[in-house]
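Residue-level structural notes
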Amino acid sequence: MFRNRLSKVFRHLGKHARRLGISCYRVYDHDLPEFPLCIEFYGDKLYVAEYKRYHGMTDEQHDEWMEQSLELIAGVLSVGKDSIFLKLRQRKPGRLGQYQKYNEGPATGISGQHELVVEENGLKFIVNLGDYLDTGLFLDHRVTRQLVREECAGKKVLNLFAYTGSFSVYAAAGGAREVVTVDLSKTYLNWAEKNMALNGFADSTVYTFIHADVLQYLKKIPPGHFDIIIMDPPTFSNSKRMEDILDIQRDHARLINDCLQGLKEGGTLYFSTNFRKFELDTAKIRATSIKDITKTTTPFDFEGRLFRFCYCMVR
């Protein structure tokens, strides 16, 4: 059953990926209840994540089940088992607790080397398939990133909750005259800076990286300064480094309005959230237009399996 399903989706999605020249894409995501796995290609490496659930097996039985599953995956996808990285993921809302460090045991990988460089739309990104629950590149925003790239020429761009800065790289590649990257994590901010430098964007007068609590940072940005803002916040965060607790359903209107205040008239905000039960409070949002672009920004490998919302708002 699993072999048939995986073979079918790989034939379909692999064909699309080759046609589009995409080397990083999702193959399988819990398509069958009996196999609660997420499988993604990163170049010639494979990231396999098992969603945590009650399976009723002993540790020995589960290990045997996983070993057999990995052998099947390696065979169907033509990948050596030494190129497979295995993780256990928790079923949590949002970005899995917003970039948690993985510390539940070693991942399966190539000689302990967890970092590698992959390409997407002609740009390079560092991914880490072994040390964190997330890899460093959210594949579900591939189309959104390209959309931003096509609109950035000569623009001032702000990337909030920037993670490893993939939107910043795309903005710079699109010819933005200023890119500001903001995140609360120094680790990911440094990662973002490396991604920018990897693509030749290292001018400190044009590209700046700010270590800050976004909720507080938004209160300080000059009104009407930016042309484009990208904001993809966690669903919930109570980090000790933050002054406030963030609940995206409760706080999104305030966050969005703070962003709109920082935009020039006619400027654009791209807002995204992974909260499955999210409801946009349009009555409280002070935008001249709000467009739901969830469908148009859904990549081919996430059709029918994407649980996030994406909006384009104009001041």
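My aim in this report is to walk through the structure given alongside it, one point at a time. Residues take numbers from 1 onward in each chain, read along the sequence in its written order. pLDDT decides what is reported in this predicted model: residues at 70 or higher carry local features, side-chain atom pairs at 80 or more are listed and counted, and totals for whole chains, interfaces and linings draw on all residues regardless. The side-chain quantities take in all heavy atoms of the structure and omit both hydrogens and water.

Turning to the overall build of the protein chain, a few remarks are in order. Only DSSP runs of H or I reaching four residues or more are called helices, and only runs of E reaching two or more are called strands; each is numbered from the N terminus. From N to C terminus, the protein chain includes eight helices and 15 strands. Taken over C-alpha atoms, the radius of gyration comes to 20 Å for the protein chain, in line with the 20 Å a tight globule of 315 residues would show. In terms of overall dimensions, the protein chain has a C-alpha envelope of 60 × 40 × 35 Å along the principal axes. Looking at the 315 residues of the protein chain, the share that counts as buried comes to 56%. Sequence-distant contacts in the protein chain: of pairs separated by 6 or more residues, those separated by 24 or more amount to 67%. Charge-centre separation for the protein chain: the mean point of 43 positive side chains lies 4 Å from the mean point of 40 negative side chains. Our radius of gyration looks at C-alpha atoms and nothing else; its globule reference is 2.2 Å times the residue count to the power 0.38. Only protein chains enter the accessibility calculation, which uses a 1.4 Å probe; a residue is then buried when its area is under 20% of its type maximum, exposed when over 50%, and partly exposed in between. For this analysis, residues touch if any pair of their heavy atoms sits within 4.5 Å. Residues counted as positive are Lys and Arg, residues counted as negative are Asp and Glu, and His and the chain ends are not counted. For this purpose, a charge sits on NZ of Lys, CZ of Arg, CG of Asp or CD of Glu.

Relative to the assigned elements, threonine 268 resides in strand β13 (residues 263-273). Residues within four places of threonine 268 in sequence aside, it is in contact with Asp227, Ile228, Ile229, Leu263, Cys312, Met313 and Val314.

Here the focus is the environment of leucine 129. With respect to the element layout, leucine 129 can be found in the loop between β6 (123-128) and α4 (142-149). Residue leucine 129 is classed as buried on the basis of its relative accessible area, which comes to 0%. The spacing of leucine 129 and lysine 219 is 90 residues in sequence and 35 Å in space, taken between C-alpha atoms. Ignoring sequence-local partners within four residues, the contact set of leucine 129 consists of Tyr42, Lys45, Tyr47, Phe85, Lys87, His114, Leu116 and Thr135.

What follows covers the nonpolar core. Core analysis: the largest hydrophobic core is formed by 37 residues, its most contacted members being Tyr42 and Val118. The dominant element in this core, judged by the number of residues it contributes, is helix α5 (residues 166-173), at five residues. For the purposes of this section, nonpolar cores are sets of buried Ala, Val, Leu, Ile, Met, Phe, Trp, Tyr and Cys residues that join through side-chain atoms within 4.5 Å.

A word on the packing of helix α1 (residues 2-20) against helix α2 (residues 59-77). Look at α1 against α2: their axes get within 10 Å of each other, and the N-to-C directions meet at 35 degrees. Between α1 and α2 lies a crossing of right-handed hand. From α1, Phe2, Arg3, Leu6, Ser7 and Phe10 reach across to α2, where they touch Ser69, Leu72, Ile73, Val76 and Leu77. Any residue that is not Ala, Val, Leu, Ile, Met, Phe, Trp, Tyr, Cys, Pro, Asp, Glu, Lys or Arg is counted as polar, Gly included; the first ten are nonpolar and the last four charged. Counted by class, the contact of α1 with α2 contains seven nonpolar, two polar and one charged residues. Think of each axis as a best-fit line through the C-alpha atoms, taken over the contacting stretch in the case of a helix, with angles from 0 to 180 degrees between the N-to-C directions. Handedness of each helix crossing follows the sense of rotation of the near helix against the far helix: counterclockwise by less than a right angle gives left-handed, clockwise gives right-handed.

Every α-helix carries 3.6 residues per turn, so stepping three or four residues along brings you back to the same face. Expected span, for any helix, means 1.5 Å times one less than how many residues it has. Taking 1.5 Å per residue as the helical rise, helix α6 (residues 186-198) with its 13 residues ought to reach 18 Å, and the 18 Å between its terminal C-alpha atoms agrees with that figure. Taken as a whole, α6 has its buried residues at Tyr188, Leu189, Trp191, Ala192, Asn195 and Met196. Buried positions in α6, seen along its axis, are confined to an arc of 155 degrees and lie on one side of it. Opposite the buried face of α6, at more than 90 degrees from it, the exposed residues are Lys186 and Lys194. Among the residues of α6, the N-terminal cap falls to serine 185, whose side-chain oxygen and the backbone nitrogen of threonine 187 are separated by 3.3 Å. A positive phi of about 85 degrees marks glycine 200, the residue just after α6. The reported arc concerns the directions from the helix axis to the C-beta atoms and nothing else. Polar contact is the term for a pair of N or O atoms within 3.5 Å; when the atoms are in protein, one must be able to donate a hydrogen and the other to accept it, and sequence-neighboring residues count only if both atoms are side-chain atoms.

For the pair α4 and α5, the least separation of the axes is 8 Å and the interaxial angle reads 35 degrees. By crossing handedness, the relation of α4 to α5 is classed as right-handed. Here Thr144, Arg145, Gln146, Val148 and Arg149 of α4 come into contact with α5, specifically with Ser166, Phe167, Tyr170 and Ala173. Its residues assigned to classes, the contact of α4 with α5 comprises four nonpolar, three polar and two charged.

We now examine the pattern of salt bridges. When their charged atoms lie close together, side chains carrying opposite charge are able to pair. The rule for a salt bridge is simple: a side-chain nitrogen of Lys or Arg has to be within 4 Å of a carboxyl oxygen of Asp or Glu. Taken as a whole and judged by the stated rule, the model has 15 salt bridges. The residue aspartate 251 makes a salt bridge to arginine 254 at a minimum N-O spacing of 3.7 Å. Of this pair, aspartate 251 and arginine 254 both sit in helix α8 (residues 248-262), three residues apart, which is roughly one turn of that helix. Residue class for aspartate 251 comes out buried when judged on its relative accessible area of 5%. Where salt bridges share partners, they join Glu120, Arg142, Arg145 and Asp301 into one cluster.

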